[in-house]
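Here is how the chains run, residue by residue.
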Amino acid sequence: MDGTMNAVAVRIDDSGVAHVELCRAQAGNAIGLAMATGLLDAARTCEKADGVRTVLLTGRGRSFCVGGDLREFAELSGDELAAHLDRVTDALHGALRVFAGLDAPLVAAVQGAAAGAGLGLAAAADLTLAASDAVFVAAYTGIGYSPDAGVSWSLPRLIGPKRALDLLLTNRRVTATEAAEMGLVSRVVDAERLREEAGRAAEALARGATGAFGATRRLVAAGLSADLDAHLDAEARHLAGAAVSAEGRAGVAAFLARHRPDHGISRAT
C-alpha cells in the first residue's frame, strides 16, 4: 500500500511495516502546517490500516527534522501567528497521540540534525537508532519559544529532569554517542548503515507479538506516574489477557516446541 500525504509519504509493506517518511529534504524536513497535517494523516492511516505491525519513521535528505518551519512562522504575527501555531501543534500532537496509542511499536531512524520538534519525534519512538553523525538540540529557548512535540514530557522521563533542563535551557548540541549514553537514543550505527539497520529492527518487531507490544508500551508509559499497587493490578490484567490471546497461545506452544514464534503476517515472495 502506497500513499503520499502533503509532505509525508506512507507505504505499508507486505511484512506489516508502515514506512512513514518526512519528505521536505530541502527544508531539513522542517515542520509547518503541511508537514504536521501530513504526519497526522499518516498516523491515522497506520491506525486504520489492517496488518500494521511496526511503524518506521524516517526523514529524507541530510537531516531527520530540524524542528519548526521558522520561515513559515515568520510570515505571520500577532493573533494570526498564534492561531497558526495552534493549528500546527494540534496536528502534530494529534499524530503523536495516535502513534502512542497503537499496538505497533514506533521505530525512528535519525540522521543529521534532530532539533526542536524533530527531537520530540525521536524521543517519542520506542526504538530510536541514530547515525554516528547525528546531532540533537532542543533549540526552543534559543529563539524565545517553549517546547512542543512532547519534548518537555519525554526528555525528563528519558534522561532525568536535570539533564532535560540542561538541554532545554542551554540548547547545547548533543552528539549521537552522548545521546545514547544518556538514554535519549537506543543505539548508534554507522551513518551509511542507518536505513538498513532501522529496517531490520522494524522487520524483526513486525514478526513479534503486536498485541503484547501494545500492552507493554502502555504499561511502561503508565508506570512512570502510577503507584505500585495500581500498576501491579494493571500488569496482572494485561498478562491474563495476553495469555489467552492467539499470540500468547502461539508463543507458549513455540517455546515448548523449542523454536521461535513468528507472529508476522504472510510476506510476498
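Going by the structure above, here's the rest.
Attention here is on the structure that accompanies the text. Small disclaimer: the values here were computed from a predicted structure and weren't measured.

## A few points about unusual backbone geometry
Reasoning step 1: The backbone of N29 sits at a positive phi, close to 60°, despite the residue not being glycine.
Reasoning step 2: Following the sequence through the fold, N29 ends up in the loop between β3 (17–22) and α1 (33–48).
Reasoning step 3: Residue N29 is classed as buried on the basis of its relative accessible area, which comes to 0%.
Reasoning step 4: A positive phi angle, near 60°, is found at N171, a position not held by glycine.
Reasoning step 5: Its place among the elements puts N171 in the loop between α6 (161–170) and β9 (174–175).
Reasoning step 6: Owing to a relative accessible area of 17%, N171 belongs among the buried residues under this scheme.

## With respect to the side chain of N171
Reasoning step 1: Of note is the side chain of N171, whose polar atom sits 2.8 Å from the side chain of T141.
Reasoning step 2: The contacts of N171, once residues within four sequence positions are left out, are V137, A138, A139, Y140, T141, G142 and D166.

## Quick word on the nonpolar core
Reasoning step 1: The biggest cluster of nonpolar side chains holds 60 residues, and the ones touching the most others in it are I31, L39, V55, F99, L121, F136 and L184.
Reasoning step 2: Membership of the second largest hydrophobic core comes to 14 residues, among which are L127, L194, A201 and L205.

## Section: the pairing of strand β7 (residues 127–131)
Each regular strand shows side chains that alternate between the opposite faces of the sheet.
Reasoning step 1: Burial of β7 is extensive: 5 of the 5 residues sit out of reach of the surface.
Reasoning step 2: Side chains L127, L129 and A131 of β7 all project onto a buried face; the interleaved residues T128 and A130 project onto the opposite face, where all are buried too.
Reasoning step 3: Pairing of strand β5 (residues 106–110) with β7, which is carried by 4 bridges, proceeds in the parallel orientation. Bridge pairing in β7 places V107 opposite L127.
Reasoning step 4: Relative to strand β10 (residues 187–189), β7 is paired through 3 bridges, and the arrangement is parallel. Along β10, the bridge assignment pairs A130 with V188.

Thresholds, definitions, all that
- Residues numbered from 1 in each chain as written.
- Predicted model: local features only at pLDDT ≥ 70, side-chain atom pairs only at ≥ 80, totals over all residues.
- Heavy atoms only, no water.
- Helix = DSSP H or I, 4+ residues; strand = E, 2+ residues; numbered from the N terminus.
- Buried < 20%, exposed > 50% of the residue type's maximum accessible area, 1.4 Å probe, protein only.
- Polar contact = N/O pair within 3.5 Å; in protein donor to acceptor, adjacent residues only side chain to side chain.
- Contact = heavy atoms within 4.5 Å.
- Core = buried A, V, L, I, M, F, W, Y, C linked by side-chain atoms within 4.5 Å.
- Pairing = 2+ DSSP bridges.

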